[in-house]
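The primary structure of each chain is shown beneath.
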Amino acid sequence: TTSTTTTTTTQLDPPLVFQNQTPLSPPEIQTLYANNPLAAYLDGSSIVLNHANLTSEPIYNLCRDLQKSFMHVYANVYVTPPQSQAVQAHADDRDVLVMQIAGRKRWNVWGDVPIPYPY
């Protein structure tokens, strides 16, 4: 007997880069940093990787475990330099669980939405 294995490749969007709470366009990222997220981070930019569960086995496993209790789970990763903020205060259009794993940050929970659904 013969068996065939099907491999599915998911094309991920490149990381997003935010400078002073403003997203940079792909041409700006190419011009300023040659599409190098580390160079952008070292220059003070925040890096956002959406759907990180598709690139990291531990994050994938965490999301899979959370799906036992919640219907739809995925992970976005934000890497922000000290004394910086990736995006302005805002509301999301979904429930969010935040896990800060390094550094220090003062988190604010607002009673009134400062900016409704900006992204």
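Placed above this text is the structure.
A brief structural summary. (Residues numbered from 1 in each chain as written. Predicted model: local features only at pLDDT ≥ 70, side-chain atom pairs only at ≥ 80, totals over all residues. Heavy atoms only, no water.)

This next bit is on the nonpolar core. Counting residues in each nonpolar core, the largest one holds 6 residues, listed as Val17, Leu24, Ile29, Tyr33, Ala40 and Ile47. Excluding anything up to four places from it in sequence, alanine 40 contacts Val17, Tyr33, Ser45 and Ile47. (Core = buried A, V, L, I, M, F, W, Y, C linked by side-chain atoms within 4.5 Å. Buried < 20%, exposed > 50% of the residue type's maximum accessible area, 1.4 Å probe, protein only. Contact = heavy atoms within 4.5 Å.)

So, on to the packing of aromatic side chains. The tally for this structure, following the rule as stated, stands at 0 aromatic pairs. Directly above the ring of tryptophan 107 sits lysine 105, whose terminal nitrogen or CZ lies 5.0 Å from the centroid. (Phe/Tyr/Trp six-rings, centres within 6.5 Å; stacked < 30°, edge-to-face > 60°. Lys NZ or Arg CZ within 6 Å of the ring centre and 35° of its normal.)

With that settled, consider the sheet that holds strand 1 (residues 16-19). Two orientations exist for strands paired in a sheet by backbone hydrogen bonds: parallel and antiparallel. On the basis of which strands lie adjacent, the open sheet formed by 4 strands has the order 2-1-3-4 and antiparallel pairing. The outermost strands of the open sheet, each flanked by one partner alone, are strand 2 (22-23) and strand 4 (77-79). Here 2 bridges tie strand 1 to strand 2, and the two strands are oriented antiparallel to one another. Each residue of the ladder has a partner; that of phenylalanine 18, found in strand 2, is proline 23. (Pairing = 2+ DSSP bridges. Helix = DSSP H or I, 4+ residues; strand = E, 2+ residues; numbered from the N terminus.)

Tracing the backbone through its elements, the reader meets asparagine 53 in the loop between strand 3 (46-49) and helix 3 (57-66). Here the side chain of asparagine 53 touches alanine 75 through a polar contact of 3.0 Å, landing on its backbone nitrogen. Those residues in contact with asparagine 53 that sit more than four places away from it in its chain are Ile59, Tyr60, Cys63, Tyr74 and Ala75. (Polar contact = N/O pair within 3.5 Å; in protein donor to acceptor, adjacent residues only side chain to side chain.)

Now for the environment of threonine 55. Within the secondary structure, threonine 55 is located in the loop between strand 3 and helix 3. Given the relative accessible area of 46%, threonine 55 is considered partly exposed. Sequence separation of threonine 55 and leucine 12 is 43 residues, and the distance between their C-alpha atoms is 8.7 Å. With residues up to four places along the chain from it excluded, the contact list for threonine 55 reads Leu12 and Leu49.

The sheet contact formed by strand 1 and strand 3 spans 3 bridges and is antiparallel. Across the sheet, valine 17 pairs through a bridge with isoleucine 47, a residue of strand 3.

Residues Leu62, Leu97, Met99 and Ile101 make up a contiguous nonpolar surface patch of about 480 Å² in total accessible area. The topology assignment puts leucine 62 in helix 3. Note on leucine 62: relative accessible area 36%, which makes it partly exposed. (Patch = residues over 30% accessible without salt bridge, like charges linked within 9 Å, V, L, I, M, F, W, Y side chains within 5 Å. Areas by Shrake-Rupley, 256 points an atom, 1.4 Å probe, with all protein chains shown as cover. Salt bridge = Lys/Arg side-chain N within 4 Å of Asp/Glu carboxyl O.)

A negative phi holds for most residues other than glycine; trans holds for most peptide bonds. Phi is positive for asparagine 20, which is not a glycine, with a value near 55 degrees. Along the chain, asparagine 20 falls in the loop between strand 1 and strand 2. One non-glycine residue, asparagine 35, lies in positive phi territory at about 60 degrees. Checked against the element boundaries, asparagine 35 lands in the loop between helix 1 (26-33) and helix 2 (37-42). A relative accessible area of 48% places asparagine 35 in the partly exposed class.

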